[in-house]
Amino acid sequence: MDFGFTPENEAFRAEIRDFLNEHVSDGIRQEMKQSAAGHGLGPLTKVLIGKIGDRDWIGMSWPEEYGGRAADLIDQYIFEEELARARVPLNLGNFIEQAPAIMFAGTEAQKKYFLPRIVKGEVTFALGYSEPSGGTDLGSLKTRAVEDEDGFVINGQKVFTTRAEQSSHIYLMARTDPDAPKHKGISIFLVPMDTPGITVRPLWTLPGGRTNEVFFEDVRVPKDTLLGERNKGWYIGASALNLGRAGARRYCTYVSPFEDLLRFLKEDEIGRELAKDPVVQDKVAQLYCEARVAKLFTMRSLSMVRRGENPPYQISSEKVWGPEFQVRATEAASQIMGDYHQLWDEDQAPNGGSFPRQYVSAMVSTFGHGSTQVMRTAIARRGLDLPRE
Amino acid sequence: MDILLDEDEQVIQEAVRHYFEAECDTDRVRRIEDGGELLDTEMWQQLAELGWLGLALPAMQGGSEAPFTQLCLLFEEAGRALAPVPLHPHTVASLTLADAVAVGKGGPLAERLLSEAAAGESLLTWAWNERLPGTGPEAVTMSAEPDGNGWRLNGTKRFVEAFEGADYCLVAVRSNPSGGPEEGMSLLLVDTKAEGVAGVAQRAMGGDTQSEVAFDNVHVDGDALVGAVDAGWELARPMLERAVVLNCALVVGATRRAAERAFAYAKERVAFGHPIGSFQAIQHLCADMITWVDGAELLTREAAWHIALGMDAALPVAAAKAFTNERCQMVIREANQIHGGYAQVKEFDQQLWYRRAAAWSMRLGTSLDHRKTVARALELG
């Protein structure tokens, strides 16, 4: 058991941290706030993401033939951790979910087209899984893709399609065989968002950001938008989804409200007064231990993946513990900070109003990307081999 | 960074688990407890022969000098098996003698006892707690006044493990009452048969034997000193940190086994025509149980790793103990719930793990105590 990082790891961390300190300007911070409020990526932020792309960090752990440099996953983890810490709104989901799925299931042409463009930030995917009739239960999917000579015609609706308004493509799950049993008739399509017949409608969310509904009305796409084999989409998606649940960026999201609280209690004038209360100290110490467990779970998954093991339940444990910790931490913060916690306006509120936004958005972690209930069932069945009936 | 077990660690874990699975069934655990015996002497001798009493002790005294992380794995397995042997007090005391010997402050008595401890010829224990137990230096108030070539001890220690069978007890005393709690403390080796030493057994929930030990004008010679006079806290602090982590390892091992027994039971037990393990209400309990015990195990191993590398371990040790105490009890309560009525029945084995893991997690600092240490390390207030 080795819980430490090598001097080379630490040097790499310092390199990224220095880069971000140098390049994340006040202007970019202002844009990030706007972006978090649902106004898309600002021009300075796009330039920053381009610069990050030039540094061969994105996709560094990929094979060289697809634009990576086969770097150690620990470096990838460090990169994600530092990026999350600096709150850069770079959607790493694409590098961790869609890109590996394309590497795993894509044609040579698809790999050559998409992977380098993902690295450069020219192609970004919104995730087209959930529908009004079902989220985690992908088997209940209703969006249809009907094949004809020229390609496929897609009709249906997606919901909770975050970043659909700013993505170049949608990673779309659609039913290609309505007669097959639930999971077996689904395929994945890589569809450009500017294809005629696609409409995006915003759903404004509590923290002040947005997600979307996406409507598909007789959307015609060529055959080469199909990823992997027809009707095998659920299996491609499931493997990518499992990988997407690991990684530092998620654990960083889970612990960020606690880190904000700790900073407030140590650095803010009022926070320092509150921190003198032994009851507050006890609560914060408890949260610290729980946050540490979230981090160790991530390190464990990473250790397993580096050894070539496929974690049977550990990633699901991360996805139960982390989000529920995040919710507990926001609740504790609210009861420690009281009146100051509710202040929303960034000029008046501690930490620019991050606390109430964290409070109302923490719930997304416990259902986004698979609810904690679905995760618990997966742990019990896959990890502990408990019977289905 | 690779927080999974390496090859050496897997070897020791498998060897110890194999031994206990072969030798330590619950009949054996019950026989010692029901007979009111202090320890399974045959098992103790076997542990000595296998080299596990000296696993992390210096080679000079017959030990194997294994890193503390491997010792932690040995304790996880001992906890898993509920091994009826006083591994914890014996190891805590002998590691501290080894610390003192390593810096040339052990003395001939400590060196001799260390060799005998590794060979299983002497049983060692340690006495720290008094009226108000804790893992801070203020817990020690018992006095030791200069007396001839040594000291004269007066006071009472409580919750001293395995005292009745021990040959020597490493006792923390106030050799100089002036100054702060970290100053004026010394560690002295006391012959448990010495004149003026009187132990009264304290029966506890976990079934192990503890004692309240009164020291009434007990004289010890100068060679009883372990470490430097009045500088006992320098040795006591790492002693307590190791004691806490090894305690966590016992609790984690016992808790994991209790959880596994509940998972197995959930697959067998049928209600309403289905194994109860097929009900989501039970599945979700099980999912939480494995997640929580894994968390306690990782925190414990991370703390052990800090100690093994000689790093400052105060924060990870306190975090491990604060979390393990409470979460492992939660795990075993859920395991009890899955067993239903049988969990309360003495002849059913579940209670063996429940009582011990719960009792162990009440020792060496409560979650409240350790969270104070965490808060201090986070520089709050």
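Residues numbered from 1 in each chain as written. Chains lettered and ligands numbered in written order. Predicted model: local features only at pLDDT ≥ 70, side-chain atom pairs only at ≥ 80, totals over all residues.

Peer 1: Could you give an account of the overall build of chain B, naming the residues involved and the relevant values?
Peer 2: Counting secondary structure elements, chain B contains 11 helices and 10 strands. Scaling as 2.2 N^0.38, a compact globule of 381 residues should have a C-alpha radius of gyration of about 21 Å, and chain B matches this with 21 Å. By its C-alpha atoms, chain B is 80 × 50 × 40 Å across when sized along the principal axes. By the burial criterion, 54% of the 381 residues in chain B qualify as buried. Looking at chain B alone, contacts between residues at least 24 apart form 74% of all its contacts between residues at least 6 apart. (Helix = DSSP H or I, 4+ residues; strand = E, 2+ residues; numbered from the N terminus. Rg over C-alpha atoms; globule rule 2.2 N^0.38 Å. Buried ≥ 20, exposed ≤ 12 C-beta atoms within 10 Å, placed from the backbone. Contact = placed C-beta atoms within 7 Å.)

Peer 1: I'd like a description of the overall build of chain A, backed by residues and values.
Peer 2: Scanning chain A for helices and strands turns up 14 helices and 8 strands. Its C-alpha atoms give chain A principal-axis dimensions of roughly 70 × 55 × 45 Å. For chain A, the residues scored as buried account for 45% of the 389 residues in total.

Peer 1: Let's hear about the interface of chain A and chain B: which residues, and what values?
Peer 2: It is common to give the size of an interface as the accessible area lost on bringing the parts into contact. Taken together, the contact between chain A and chain B spans 40 residues of the former and 40 residues of the latter. For the side of chain A that touches chain B, the secondary structure elements donating two or more residues are α8 (248–267), α10 (278–306), α11 (314–337) and α14 (372–383) of chain A. In terms of residue count, α10 of chain A provides more of the side of chain A that touches chain B than any other element does, 15 residues in total. Of the residues assigned to the side of chain A that touches chain B, the class counts are 22 nonpolar, 7 polar and 11 charged. (Nonpolar A, V, L, I, M, F, W, Y, C, P; charged D, E, K, R; others polar.)

Peer 1: Please provide a residue-by-residue account of helix α13 (residues 354–367) of chain A, values included.
Peer 2: Residues and elements named next belong to chain A. Between the first and last C-alpha of α13 there are 21 Å, a value that for 14 residues agrees with the 20 Å anticipated at 1.5 Å per step. At Val360, α13 shows its largest bend, some 35°. Of the residues one or two after α13, His369 is the one with positive phi, at around 65°. (Expected span 1.5 Å × (residues − 1). Bend = angle between axes of the 7 residues up to and from the residue.)

Peer 1: Give me the lowdown on the environment of Gly53 of chain A, citing residues and values where you can.
Peer 2: Residue and element names in this part refer to chain A. Along the chain, Gly53 falls in helix α3 (residues 43–54). Owing to 18 C-beta atoms within 10 Å, Gly53 belongs among the partly exposed residues under this scheme. C-alpha separation for the pair Gly53 and Lys182, spaced 129 residues apart in sequence, amounts to 39 Å. Among all residues touching Gly53, those that are not within four sequence positions of it are Ile58, Val119, Lys120 and Gly121.

Peer 1: Explain the nonpolar core residue by residue, including any values.
Peer 2: Counting residues in hydrophobic clusters, the biggest one holds 229 residues, and the most contacted among them are Phe189 of chain A together with Cys169, Leu188, Val226, Val245, Cys286 and Leu299 of chain B. In terms of residue count, helix α7 (residues 232–268) of chain B provides more of this core than any other element does, 20 residues in total. Not counting the four nearest positions on each side in its chain, Leu188 of chain B is found in contact with Ala144, Trp151, Val171, Val173, Val220, Ala224, Leu225 and Val226 of chain B. (Core = buried A, V, L, I, M, F, W, Y, C linked by C-beta atoms within 7 Å.)

Peer 1: Which residues make up the domain arrangement of chain B, and what values go with them?
Peer 2: All names here are of chain B. Once the domains are mapped, chain B shows domain 1 (7–85), domain 2 (125–230) and domain 3 (234–377). Taken over C-alpha atoms, the centre of domain 1 sits 19 Å from the centre of domain 3. Each side of the interface is counted separately: domain 1 has 13 residues, and domain 3 has 21 residues. When residues of the side of domain 1 that touches domain 3 are traced back to their parent elements, those giving at least two are α2 (26–34) and α4 (68–81). It is α4 that provides the largest number of residues to the side of domain 1 that touches domain 3, a total of 9 residues. For the side of domain 1 that touches domain 3, the residue count by class is 7 nonpolar, 3 polar and 3 charged. (Domains from an automatic or database assignment.)

Peer 1: Give me the packing of α10 of chain A against α11 of chain A: which residues, what numbers.
Peer 2: Residues and elements named next belong to chain A. Contact geometry for α10 and α11: axes closest at 10 Å, N-to-C directions at 160°. By the criterion of interaxial angle, the relationship of α10 to α11 is roughly antiparallel. As α10 packs across α11, the resulting crossing turns out to be left-handed. Mapping the contact onto sequence places Val280, Lys283, Leu287, Glu290, Ala291, Val293, Ala294, Phe297, Thr298, Arg300, Ser301 and Met304 in α10 and Gln314, Ile315, Ser317, Glu318, Trp321, Gly322, Phe325, Ala329, Ala332 and Ile336 in α11. (Axes fitted to C-alpha atoms, helices over the stretch in contact; angles between N-to-C directions. Parallel < 35°, antiparallel > 145°, perpendicular 65-115°, else oblique. Left-handed = near helix turned anticlockwise from the far one by under 90°.)

Peer 1: Would you mind going over the domain arrangement of chain A in detail, with residue names and values included?
Peer 2: Residue and element names in this part refer to chain A. Partitioning chain A into domains gives domain 1 (7–90), domain 2 (126–231) and domain 3 (246–383). Between the C-alpha centres of domain 2 and domain 3 the distance comes to 31 Å. Among the residues making up the side of domain 2 that touches domain 3, the classes are represented as 2 nonpolar, 2 polar and no charged.

Peer 1: How would you explain the pairing of strand β2 (residues 143–147) of chain B if you had to name every residue and give the values?
Peer 2: Where β2 of chain B meets strand β3 (residues 150–161) of chain B, 5 bridges bridge the pair, whose relative direction is antiparallel. Opposite Ala144 of chain B, over in β3 of chain B, you have Leu153 of chain B as the bridge partner. (Pairing = 2+ DSSP bridges.)

Peer 1: So, the packing of α11 of chain A against α14 of chain A: which residues are in play, and what are the values?
Peer 2: All names here are of chain A. Interaxial distance between α11 and α14 falls to 8 Å at its minimum, and their mutual angle equals 145°. The two elements α11 and α14 cross, and the hand of that crossing is left-handed. In contact with Ser316, Ser317, Lys319, Val320, Pro323 and Glu324 of α11, α14 contributes Thr372, Met375, Arg376, Ala378 and Ile379. The residue inventory of the contact of α11 with α14, partitioned by class, reads 5 nonpolar, 3 polar and 3 charged.

Peer 1: Please give an account of the environment of Leu113 of chain B that cites residues and values.
Peer 2: By the element assignment, Leu113 of chain B lies in helix α6 (residues 107–119). Once you skip the residues sitting within four places of it in the chain, Leu113 of chain B turns out to touch Leu97, Ser122, Leu124, Tyr168 and Leu189 of chain B.

Peer 1: Break down the pairing of strand β7 (residues 210–222) of chain A for me, with residues and values.
Peer 2: Residues and elements named next belong to chain A. Note: strand β3 (residues 151–159) against β7, 8 bridges, orientation antiparallel. Across the sheet, the residue bridging to Ile154 is Val219, located in β7. Looking at chain direction, strand β6 (residues 198–204) and β7 are connected through 7 bridges and run antiparallel. Directly across from Val200, in β7, lies its bridge partner Val214. Linkage of β6 to β7, two consecutive antiparallel strands, is achieved through a turn of 5 residues, within which Gly208 is found at a positive phi near 105°.

Peer 1: Hey, could you go over the confidence of the model for chain B for me, with residue numbers and the actual values?
Peer 2: Scored by pLDDT, chain B comes out at a mean of 96, with 100% of its residues at no less than 70. As a predicted assembly, this complex carries a pTM of 0.95 together with an ipTM value of 0.96. (pLDDT = per-residue confidence, 0-100.)

Peer 1: Got a sec to walk through α7 of chain B? Specific residues and values, please.
Peer 2: Taking 1.5 Å per residue as the helical rise, α7 of chain B with its 37 residues ought to reach 54 Å, and the 54 Å between its terminal C-alpha atoms agrees with that figure. Counting buried positions over the 37 residues of α7 of chain B gives 28, a clear majority of the element.

Peer 1: An account of the environment of Phe348 of chain B is requested, with residue identities and associated values reported.
Peer 2: Residues and elements named next belong to chain B. In this fold, Phe348 is placed in the loop between α9 (314–339) and α10 (350–360). You can call Phe348 exposed: it has 12 C-beta atoms within 10 Å. Expressed as a C-alpha distance, the spacing of Phe348 and His284, which sit 64 residues apart in the sequence, is 24 Å.

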